Amino acid sequence: MQRWKLTVEYDGRPFVGWQRQDNGPSVQQNLEEAVFRLSGETVRVHGSGRTDAGVHALGQVCHFDLEKPFTGLKLRDALNFHLKPAPIAVREVEAVDERFHARLTSIGRSYVYRIVNRRAPLALDAGRAWHVTRPLNAEAMHEAAQVLVGAHDFTSFRAALCQAKSPLKTLDRLDVERVGEELRIHAAARSFLHHQVRNMVGTLELVGAGKWTAADLRAALEARDRSKAGPTCPPDGLYFVAARY
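Cut-offs and rules
- Each chain has its residues counted from 1, following the order in which its sequence is written.
- Restriction of local features to residues with pLDDT of at least 70 applies here, the model being predicted, together with a cutoff of 80 or more for giving and counting side-chain atom pairs; totals for whole chains, interfaces and linings are based on all residues.
- Computation of side-chain values: all heavy atoms of the structure, hydrogens and water removed.
- UniProt positions are given in the numbering used here, feature names are shortened, and annotations may be inferred rather than shown by experiment.
- The domain limits used here are those given by an automatic or database domain assignment.
- Whether two residues are in contact is decided by their heavy atoms, any of which lying within 4.5 Å being enough.
- Note: buried area is the sum, over both parts, of the accessible area (probe 1.4 Å) each one loses when the two are combined.
- Should a side-chain nitrogen of Lys or Arg be within 4 Å of a carboxyl oxygen of Asp or Glu, the pair is scored as a salt bridge.
- When DSSP finds at least two bridges between two strands, those strands are taken to pair.
- Each helix is a run of H or I in the DSSP string that is no shorter than four residues. Each strand is a run of E no shorter than two, and both are numbered from the N terminus.

In the nomenclature of an unreviewed UniProt entry, the protein is known as tRNA pseudouridine synthase A of Azospirillum cavernae. Check the Sequence similarities (unreviewed entry) section of the UniProt entry for the protein; it says "Belongs to the tRNA pseudouridine synthase TruA family." As its UniProt record puts it under Catalytic activity (unreviewed entry), the protein is described as follows: "uridine(38/39/40) in tRNA = pseudouridine(38/39/40) in tRNA".

Engineer: Any chance you could explain the domain arrangement of the protein here in plain terms?
Structural biologist: Accessible area lost upon the coming together of the parts is a frequently used measure of interface size. The assigned domain composition of the protein is domain 1 (2-95) and domain 2 (108-244). Computed from C-alpha atoms alone, the centre-to-centre distance between domain 1 and domain 2 is 27 Å. With 16 residues of domain 1 at the contact, the number on the domain 2 side is 17 residues. Surface buried jointly by domain 1 and domain 2 totals about 1200 Å² across both partners, of which 51% is contributed by carbon and sulfur atoms. Seen at the junction of domain 1 and domain 2, the total is two salt bridges.

Engineer: Which parts of the structure should I look at to understand the pairing of strand E8 (residues 168-179)?
Structural biologist: Along any regular strand the residues' side chains alternate between the sheet's two faces. Sheet topology places strand E7 (residues 150-153) next to E8; four bridges connect them, and they run antiparallel. Counterpart to Ala151 in the pairing with E8 is Thr170. Taken together, E8 and the strand that follows it, strand E9 (residues 182-189), pair antiparallel across an intervening segment of two residues, in which Gly180 is found at a positive phi of about 65°.

Rendered as structure tokens:
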């Protein structure tokens, strides 16, 4: 039995999310079915983190155990063949020992959120970025974002259905940069609460639009009340970038 570590990218639009569900296709389901088609083995694919419906990945990490022998290159190419036409690509495959676990041994995860800030509609990035037409001040957003960096109770930025045992998280990074018409919000932490990144970005957008100040953001954080923070932004612009081990 060999444990395989995969690095996967995907377009999240056709999926109900990473996790297998009854209400539609998931990334996990597609990977498990691809493994079955190439090997005849029923496996459980474990991801480093769940992504919601419509959320994308540049470097999702997952693992599974397989009895049939493969080389890494052959397994990668075979999986990509059997994943067609789903918008999922296995970028890397690595043989690891049984101590590796995509979720349990991860020491950090990072995301990027893309906002395209312009009046003109999106032709190429529709569904892959949040289209915000009102002008946004990226510098003000970055300055306010630093309020959230560090160890905090993130109840105000936690989804009502979040299953985490505690709202306490340590945010290692929350940076906002502008690249032409695009704003990129980079977030990194050991782990995140459900919708935490999207709720933080939705709140920072209010700062960028001049509706909120950094002081308002701090007050929302300290309120420990979801209704005191900004809206949940769309899944379109969120990308799982990487998991660290």
